[in-house]
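Reading the structure
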Amino acid sequence: MNYHKSNYYTRYDGRVVYNNGMAWIVVFQATNRHNYAIVKYYNGAYNVIEV
């Protein structure tokens, strides 16, 4: 979770919300409990979105 983050996230708080073996989506909650980071892995590439 070191990818252009503006909040602090702990790596152990991640929840897998989608996993089909080839692609997955994991959601992390920030320590301030108001922001979330969504990590998507698909086709060999990672995307991180902070909401």
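In what follows, the structure referred to is the one given above.
How each quantity is defined
Residues numbered from 1 in each chain as written. Predicted model: local features only at pLDDT ≥ 70, side-chain atom pairs only at ≥ 80, totals over all residues. Heavy atoms only, no water. Core = buried A, V, L, I, M, F, W, Y, C linked by side-chain atoms within 4.5 Å. Buried < 20%, exposed > 50% of the residue type's maximum accessible area, 1.4 Å probe, protein only. Helix = DSSP H or I, 4+ residues; strand = E, 2+ residues; numbered from the N terminus. Pairing = 2+ DSSP bridges. Contact = heavy atoms within 4.5 Å.

A few points about the nonpolar core
- Membership of the largest hydrophobic core is limited to six residues, which are Tyr9, Val26, Phe28, Ala30, Ala37 and Val39.
- Looking at this core, the elements that each hand over two or more residues are strand S2 (24-29) and strand S3 (36-42).

A word on the pairing of strand S1 (residues 15-19)
- When you tally the buried positions in S1, you get zero out of five residues, a small fraction of the element.
- Taken together, the four bridges between S1 and S2 define a ladder with antiparallel strand orientation. The residue of S2 that forms the bridge with Arg15 is Val27.

Section: unusual backbone geometry
- Phi at Arg33 takes a positive value of approximately 65°, unusual for a residue other than glycine.
- Residue placement: Arg33 occurs in the loop between S2 and S3.
- Despite not being glycine, Asn43 has its phi angle at roughly 60°, a positive value.
- Inspection of the secondary structure assignment puts Asn43 in the loop between S3 and strand S4 (45-50).

Digging into the environment of Lys40
- With respect to the helices, strands and loops of the structure, Lys40 is situated in strand S3.
- Look at Lys40 and you get partly exposed, because its relative accessible area is 37%.
- For the pair formed by Lys40 and Val26, sequence separation is 14 residues and the distance between their alpha carbons is 6.6 Å.
- Not counting residues within four places of it along the chain, the set of residues in contact with Lys40 comprises Trp24, Ile25, Ala45, Tyr46 and Asn47.

On their own, these measurements won't tell you what the molecule is for.
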